[in-house]
Amino acid sequence: MLPKYDVIVVGGGHAGCEAAYAAAKMGSTVLLVTMNLQNIAQMSCNPAMGGVAKGQIVREIDALGGGSGMVTDKSAIQFKMLNLSKGPAMWSPRTQNDRMRFAEEWRLLLERTENVHFWQDMVNGLLVEDGKLKGVKTVIGMEIHADAVVLTNGTFLNGLIHLGEKNFKGGRSGEGASYGITEQLVDLGFETGRMKTGTPPRVDGRSLDYSKMEEQPGDENPSKFSYWNETEKLTKQRSCYITYTNNKTHEILRSGFDRSPMFNGAIKSVGPRYCPSIEDKINRFAERNRHQIFVEPEGWNTVEVYVNGFSTSLPEEVQYEALKTIPGFENVKMFRPGYAIEYDYFPPTQLKHSLETKLVDNLFFAGQINGTTGYEEAASQGLMAGINAHLKLNKKEPFILGRSDAYIGVLVDDLITKGTKEPYRMFTSRAEFRILLRQDNADLRLTRKGHELGLITDEQMEIVATKVDVTNAIKSALKKISVAPEEVNPLLEEKGSSLIKQKQKANGLLARPHISLADLRSVSAKLDTKLREVDQKNEDALMQAEIQIKYDGYISREQENALKLNRLEEVKIPPQTDYSSLSSLSAEAVEKLSNIMPATIGQASRISGVSPSDVSVLLVYLGR
């Protein structure tokens, strides 16, 4: 009944949406198969996008031509730039979102994308012939043919939901689990494992007393995620709130530990280290008498509230009684309890850097199937898998981002090279070149690459070219204009910076700690006038020029280090190398290299258990 497609994407979550959008924009015919078309792009956990390192990923997706940035902006109810008290490498955009509008905007974006087609069904098998992907089988008995398949199954593969002593099969509350794919992949030789994640209860905002909580408004001058003109900055915002648990809360929660699947052995898999359940927090940090709770609205008009920081799988009556002890929650009404869910994943060392599996040609994995956690991590993998599925079918080289190119490059390389035995979450500390990989310059780093792929329009490239030109003009003006001691010394004294005795160029003063471009403009009318002439409305270029001048030494040093790393990345290792024949390699190195089959010396050097002497052996073997 259905025709043959170039690419079938299985799953309509964040990874699936980006995979379908990218492959279709590049020209492939795409079928998005999902169990329920009403649940495309569900924010299954908290109604928010971005945060530390995650915000950088959303900006990178946008710069490459993905959809998450635009969808996030169109559904945002609050915007905050985190970590502004730290250096720009740590600045991270984050939004609260309207859960229903987020899903709607993704659905509308996909429906407006010409090559995207939809089918509501459960995929329970793959069509594989001679190690090559041919399509999928569905639970209603259909065989749908395609040249490539991207699996983005989220938490649905053999999903098991835990709520106190009860457990039931499901991929998400109110939705069934998916069966058949794991078993077939194991038969094909894949290694699999189990992971666990959880979610907190949702409550009725009308039953809360916000006067007992700390209000957390959005930024006074909010920015946005997308670099493009399709979205606008927020003109109104909704506040979040902070409250705290207490000893009484902890006492009630402990009373349910004997019925907790976390402690009675019902849950055997590993959960996210950096997003523990509330029972795990009070068990591991018994010395703390309170834990922070973020009270987050689920949208513009809904009364439903997300209780961030209270993820739990305790019995629902224990959850309810404990919630009532939290300030502001004394009369709380619960909409739905929190729960934990276990699901199948496949250790990502079984993938190539393109996210294509090593065992089956034209089969790609993206998202939680690879052991990651978080919407942003999933979306970035979906984007890369969609791009590379299209490129593979068109006999083109895969699109690989390096560790110095993007957080997305760090994410994929970490997964492929190191694997993960617990849900992987991105942090700025994972990136050795984080000064280069800032949220403010993702467009400068990646938009040209997106344009070459066909994901970025000529008009979008012009926006980036203008930003570059204006940034350079601002830097040039700062290098030419001098500021007199009588103008700037009062400012320097106020900031605790050493005074000057003669005129100095503005760029030299800007390089000082605690001296901002706005400070210099406030004391130098000549500088302010010149910058207005350049382009007073291009806030991105003003920020870019300031960061490049202030952190020039750090940026240059990281660029040099990145060039050294890239030289190792350019040394290719033949794909069929027999490491057991290299007698000088350590036994551990032979085992790890044979399992992962690194594509380059750079990748080999990052594998746990491969020593510098092992790398030297490989370089000698390759004639280097």
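Note on numbering: residues in each chain are counted from 1, in written sequence order. A pLDDT threshold of at least 70 governs which residues receive local features in this predicted model, and a stricter bar of 80 or more applies before side-chain atom pairs are shown or counted, although totals over entire chains, interfaces and linings include all residues. Where side-chain values are given, they derive from all heavy atoms of the structure, hydrogens and water being excluded.

**Here's the deal with the environment of Ser-255**
In step 1: Structurally, the position occupied by Ser-255 is in helix H6 (residues 247-255).
In step 2: Summary of the burial criterion: residues with accessible area below 20% of their type's maximum are buried, those above 50% are exposed, and those between are partly exposed, where the area comes from a 1.4 Å probe applied to protein chains only. You can call Ser-255 partly exposed: its relative accessible area is 48%.
In step 3: Placed 63 residues apart in sequence, Ser-255 and Val-318 show a C-alpha to C-alpha distance of 8.0 Å. Helix numbering and strand numbering both begin at the N terminus, where a helix is a DSSP run of H or I of at least 4 residues and a strand a DSSP run of E of at least 2.

**Some thoughts on the side chain of Asn-158**
In step 1: Position of Asn-158 relative to the elements: it lies in the loop between strand S9 (143-151) and strand S10 (160-163).
In step 2: Residue class for Asn-158 comes out buried when judged on its relative accessible area of 16%.
In step 3: Side-chain atoms alone can form a polar contact between residues adjacent in sequence; in general such a contact is a pair of N or O atoms within 3.5 Å, and within protein one must be able to donate a hydrogen while the other accepts it. Side-chain polar atoms of Asn-158 contact the side chain of Asp-344, separated by 2.5 Å.
In step 4: Setting aside residues no more than four positions away along its own chain, Asn-158 makes contact with Ala-177, Ser-178, Tyr-179, Thr-182, Glu-183, Arg-194, Glu-342, Tyr-343 and Asp-344. We call two residues in contact when some of their heavy atoms are within 4.5 Å.

**Some words on the packing of aromatic side chains**
Each aromatic ring pair is described using two quantities: the centre-to-centre distance and the angle formed by the ring planes.
In step 1: Paired rings are identified among Phe, Tyr and Trp, the last through its six-membered ring, by centres lying within 6.5 Å, and are further divided according to the angle between planes into stacked (under 30 degrees), edge-to-face (over 60) and tilted (the rest). According to the stated counting rule, one finds nine aromatic pairs in the structure shown.
In step 2: With centroids separated by 6.2 Å and ring planes inclined at 85°, the aromatic side chains of Phe-190 and Phe-346 adopt a geometry described as edge-to-face. Here the residue Phe-190 occupies a position in the loop between helix H5 (181-187) and strand S12 (193-199), and Phe-346 occupies one in the loop between strand S19 (339-345) and strand S20 (363-365), the gap between them amounting to 156 residues.
In step 3: With a centroid separation of 4.6 Å and an interplanar angle of 40°, the aromatic rings of Tyr-210 and Tyr-241 are classed as tilted. One end of the pair, Tyr-210, is in the loop between strand S13 (202-204) and strand S14 (214-216); the other, Tyr-241, is in strand S15 (residues 240-244), with 31 residues separating them in the sequence.
In step 4: Relative accessible area serves as the criterion here: at 25%, Tyr-210 is assigned to the partly exposed category.
In step 5: Accessibility expressed as a relative area gives 18% for Tyr-241, which makes it buried.
In step 6: One aromatic cluster in this structure is built from Phe-190, Phe-346 and Phe-365.
In step 7: Charge over a ring is defined by NZ of Lys or CZ of Arg lying within 6 Å of the ring centre and within 35 degrees of the ring normal. Arg-59 extends its terminal NZ or CZ atom over the ring of Tyr-227, reaching a point 5.4 Å from the ring centre.
In step 8: Over the ring of Tyr-424 we find Arg-430; its NZ or CZ atom is 4.2 Å from the centre of that ring.

**Thoughts on helix H13 (residues 485-495)**
Every α-helix winds through 3.6 residues per turn, so residues three or four apart in the chain are directed the same way.
In step 1: When we look at burial in H13, the residues that qualify are Pro-485, Val-488, Asn-489, Leu-491 and Leu-492.
In step 2: For H13, the secondary structure elements touched by its buried residues are strand S21 (482-483), helix H14 (506-510) and helix H15 (517-523).
In step 3: Just downstream of H13 lies Gly-496, where phi reads positive at about 75°.

**Things to note about the sheet that holds strand S11 (residues 166-169)**
In step 1: At least two DSSP bridges between two strands are needed for those strands to be called paired. Strands sit in the order S11-S10-S19-S12 across an open sheet of four strands; the sheet is antiparallel. Every interior strand has two partners, whereas the edge strands, S11 and S12, have only one. Direction aside, neighbouring strands of the sheet carry axes that sit 25° apart on average.
In step 2: Pairing analysis gives seven bridges linking S12 to S19, with the strands arranged antiparallel. Directly across from Arg-194, in S19, lies its bridge partner Asp-344. Every axis corresponds to a line fitted to the C-alpha atoms, with the helix fit spanning only the stretch in contact, and the corresponding angles, defined between N-to-C directions, vary from 0 to 180 degrees.

**Thoughts on the side chain of Arg-521**
In step 1: Checked against the element boundaries, Arg-521 lands in helix H15.
In step 2: Classification of Arg-521 by relative accessible area gives buried; the value is 18%.

**So, the pairing of strand S1 (residues 5-10)**
In step 1: The buried count for S1 comes to five of six residues, which makes it a mostly enclosed element.
In step 2: Here five bridges tie S1 to S9, and the two strands are oriented parallel to one another. In the strand pairing of S9, Val-10 is matched with Leu-151.
In step 3: Relative to strand S2 (residues 30-34), S1 runs parallel, the two sharing four bridges. Directly across from Val-7, in S2, lies its bridge partner Val-30.

**Let's talk about the environment of Asn-221**
In step 1: Looking at the secondary structure, you find Asn-221 in the loop between S14 and S15.
In step 2: It is 9.2 Å that separates the C-alpha atoms of Asn-221 and Lys-80, two residues lying 141 residues apart in sequence.

**Notes on the nonpolar core**
In step 1: By nonpolar core we mean a set of buried residues, namely Ala, Val, Leu, Ile, Met, Phe, Trp, Tyr and Cys, connected to one another through side-chain atoms within 4.5 Å. Of all hydrophobic cores here, the largest spans 99 residues; its most connected members are Leu-151 and Leu-363.
In step 2: Setting aside its immediate chain neighbours within four residues, Leu-363 contacts Leu-126, Leu-133, Val-149, Leu-151, Leu-185, Phe-190, Leu-355, Glu-356 and Thr-357.
In step 3: Judged by nonpolar contacts, the second largest core, of 22 residues, contains Ile-481, Val-488, Leu-520 and Ala-545.

**Considerations on the packing of helix H9 (residues 375-393) against helix H10 (residues 407-418)**
In step 1: Where H9 meets H10, the closest approach of the two axes is 10 Å, and the angle between their N-to-C directions is 85°. Here H9 lies roughly perpendicular to H10, going by the angle between them. Residues Glu-377, Ser-380, Gln-381 and Met-384 of H9 pack against Ile-408, Leu-411 and Leu-415 of H10.
In step 2: Ten residue types, Ala, Val, Leu, Ile, Met, Phe, Trp, Tyr, Cys and Pro, are classed as nonpolar, four, Asp, Glu, Lys and Arg, as charged, and the remainder, Gly among them, as polar. Looking at the contact of H9 with H10, its residues break down into four nonpolar, two polar and one charged. An angle counts as roughly parallel when it lies under 35 degrees, as roughly antiparallel when it exceeds 145, as roughly perpendicular when it falls between 65 and 115, and as oblique in every other case.

**Section: helix H8 (residues 316-323)**
In step 1: Taken together, the buried positions of H8 are occupied by Val-318, Gln-319, Ala-322 and Leu-323. End-on view of H8: buried residues confined to an arc of 130°, all on one side of the axis.
In step 2: Contacts from the buried residues of H8 go to S10, S13, H6, strand S17 (304-308) and strand S18 (334-336). The reported arc concerns the directions from the helix axis to the C-beta atoms and nothing else.

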